[in-house]
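Working through the structure, step by step
Next come the chains, spelled out residue by residue.
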Amino acid sequence: MLVFPNAKINIGLNIVEKRPDGFHNIESCFYPVGWKDALEITTITAFSVEFDGIAIPGDQSDNICVRAYKLIAEEYPLPPVKIHLLKAIPIGAGLGGGSADAAFAIKALNDLFELEISFEKQLSYARRLGSDCAFFILNQPAYCFGKGDQFERIDIGLAGKWIVLVNPGIHISTIEAYAGVVPKPSGSDLREVLRLPVSEWNGIVKNDFEATLFEKYPLLEEIKAELYKQGAAYASMSGSGSTIFGIFDQEKDLVEVFERYKVWQGALQ
Ligand SMILES: C[C@@](CO)(OP(=O)(O)O)[C@H](O)COP(=O)(O)OP(=O)(O)OC[C@H]1O[C@@H](n2ccc(N)nc2=O)[C@H](O)[C@@H]1O
Ligand SMILES: Nc1ncnc2c1ncn2[C@@H]1O[C@H](COP(=O)(O)OP(=O)(O)O)[C@@H](O)[C@H]1O
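None of the values given here were measured: they were computed from a predicted structure. (Residues numbered from 1 in each chain as written. Chains lettered and ligands numbered in written order. Predicted model: local features only at pLDDT ≥ 70, side-chain atom pairs only at ≥ 80, totals over all residues.)

1. Regarding helix α3 (residues 119-129)
Within α3, burial applies to Gln-122, Leu-123, Tyr-125, Ala-126 and Leu-129. Mapping the buried residues of α3 onto a view down its axis gives an arc of 165°, with all of them on the same face. Looking at the packing, one finds that the buried side of α3 touches α1 (64-73), α2 (97-112) and α4 (133-138). (Buried ≥ 20, exposed ≤ 12 C-beta atoms within 10 Å, placed from the backbone. Helix = DSSP H or I, 4+ residues; strand = E, 2+ residues; numbered from the N terminus. Arc of directions from axis to C-beta. Contact = placed C-beta atoms within 7 Å.)

2. A look at the UniProt feature "domain: GHMP kinase C-terminal" (unreviewed entry) in the protein chain
Per the UniProt record, "domain: GHMP kinase C-terminal" (unreviewed entry) is annotated on residues 209-260. Secondary structure content for residues 209-260 is 37% helix and 17% strand, while the C-alpha to C-alpha distance between its ends is 24 Å. (UniProt positions renumbered as here; feature names shortened; annotations may be inferred.)

3. Topic: the site of ligand 1
Every one of the 19 residues lining ligand 1 counts as a neighbour, but Gly-130, Ser-131, Asp-132, Gly-239 and Ser-240 are closest to it. Those elements that place two or more of their residues in the shell around ligand 1 are β3 (24-36) and α5 (174-179). Here the residues of the shell around ligand 1 are counted per class, giving five nonpolar, 12 polar and two charged. Mapping the shell around ligand 1 onto the domain boundaries places at least three of its residues in each of domain 1 (2-153) and domain 2 (162-267). (Near = placed C-beta within 6 Å. Nonpolar A, V, L, I, M, F, W, Y, C, P; charged D, E, K, R; others polar. Domains from an automatic or database assignment.)

4. Quick word on the pairing of strand β4 (residues 38-43)
Within a regular strand, the side chains alternate between the two sheet faces. For strand β1 (residues 2-3) and β4, the ladder comprises two bridges, and the chain directions are antiparallel. Each bridged residue has a counterpart across the sheet, and for Leu-2 the counterpart in β4 is Glu-40. (Pairing = 2+ DSSP bridges.)

5. Re the sheet that holds strand β9 (residues 162-167)
In space, the four strands of this open sheet follow the order β10-β11-β9-β12, with antiparallel pairing throughout. Two strands close off the open sheet at either side, each with one partner strand: β10 (234-237) and β12 (262-267). Here the strands of the sheet are splayed against their neighbours by 15° on average, with no regard to which way each runs. The pairing of β10 with strand β11 (residues 244-248) spans four bridges and is classified as antiparallel. Directly across from Ala-235, in β11, lies its bridge partner Gly-246. (Axes fitted to C-alpha atoms, helices over the stretch in contact; angles between N-to-C directions.)

6. Brief notes about the nonpolar core
Among the nonpolar cores identified, the biggest contains 74 residues, and Cys-65, Ala-68, Ala-102, Ala-103, Ala-105, Ile-106 and Ala-126 are the most heavily contacted of them. Here this core gets eight residues from one element, more than from any other, and that element is α2. Lining this core are residues from two domains, each supplying at least three of them: domain 1 (2-153) and domain 2 (162-267). Residues contacting Ala-105, with those up to four places away along its chain left out, are Leu-39, Ile-41, Cys-65, Ala-68 and Tyr-69. (Core = buried A, V, L, I, M, F, W, Y, C linked by C-beta atoms within 7 Å.)

7. Description of the site of ligand 2
Ligand 2 sits among 21 residues. The nearest are Ile-64, Ile-91, Gly-97, Gly-98 and Asp-101. Three or more residues apiece are contributed to the shell around ligand 2 by two domains, here domain 1 (2-153) and domain 2 (162-267).

8. Digging into the domain arrangement of the protein chain
Looking at the protein chain, the domain boundaries give domain 1 (2-153) and domain 2 (162-267). Across the boundary between the two partners, domain 1 contributes 24 residues, which contact 31 residues of domain 2. Only β2 (6-18) and β3 provide two or more residues apiece to the side of domain 1 that touches domain 2. Per-element tally for the side of domain 1 that touches domain 2: the top contributor is β2, with 10 residues.

Quick look at the structure:
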């Protein structure tokens, strides 16, 4: 079975409080985008994994796809599989690529072996693998809260708008990014704020990671400024960075402008 795990962006990201378990409660709109990996799961006589594309840090047995398989195999009699991942989504980039791989692995195993795992149970497996992971089970625009693992559907009418994602290749660890932020209540309801026209979001829809990370990596702020210079209606860092995205009213080709970096551009669904 061949599936294509996609990235997400965060439109607004409020880090509102530190929790007793060490995690943070956040408020954010997660929105799927078309930058994709390819993940193939097939039956085989002995379990194996193969990785192509961007090198993934860490041991193969720690790969989140392998962890997803092992988690489901604890409760369901799964045969051995071959997991083949072609990694294209930049890593440590605020795009949730690893979480997407895990969620799509859960869904693919469920479909391939007709396990009939309920949607709620798929969510609970996903939550055990990562805070961002449950969102990718639904994989629709959502207002996310709690650790980022609770969500409700949100319709902010971006379908058809053009998005450009720019990744300068700076790897930012999620733990490092959270450690640099002092949580504070957001003071407004992001769901309400996102009802404003996109062109009014600048300065109002904020990512709380930007302040510290822009200070540490000024290039990120420069990329954001360039996206506005190119006519973006709204631009922001995604998640814990380092990817910066711009939303445009019309199709825009910025590959040459950002030729030194990885760029993905396409229409929002
Ligand atoms: C920042 C966000 C925003 O969407 O995304 P990315 O930028 O990584 O894609 C997420 O909160 C990342 O979620 P995810 O990448 O799944 O994180 P996890 O694996 O659950 O946690 C990694 C580490 O990040 C910190 N963490 C994560 C989530 C959260 N709500 N509070 C935290 O403090 C914890 O230190 C945790 O040990
Ligand atoms: N399939 C995978 N794809 C990407 N990263 C993975 C994967 N499996 C495990 N990881 C680990 O998860 C970390 C975070 O990856 P990723 O989800 O791409 O970043 P981000 O949280 O910034 O979106 C990586 O540095 C890597 O060590």
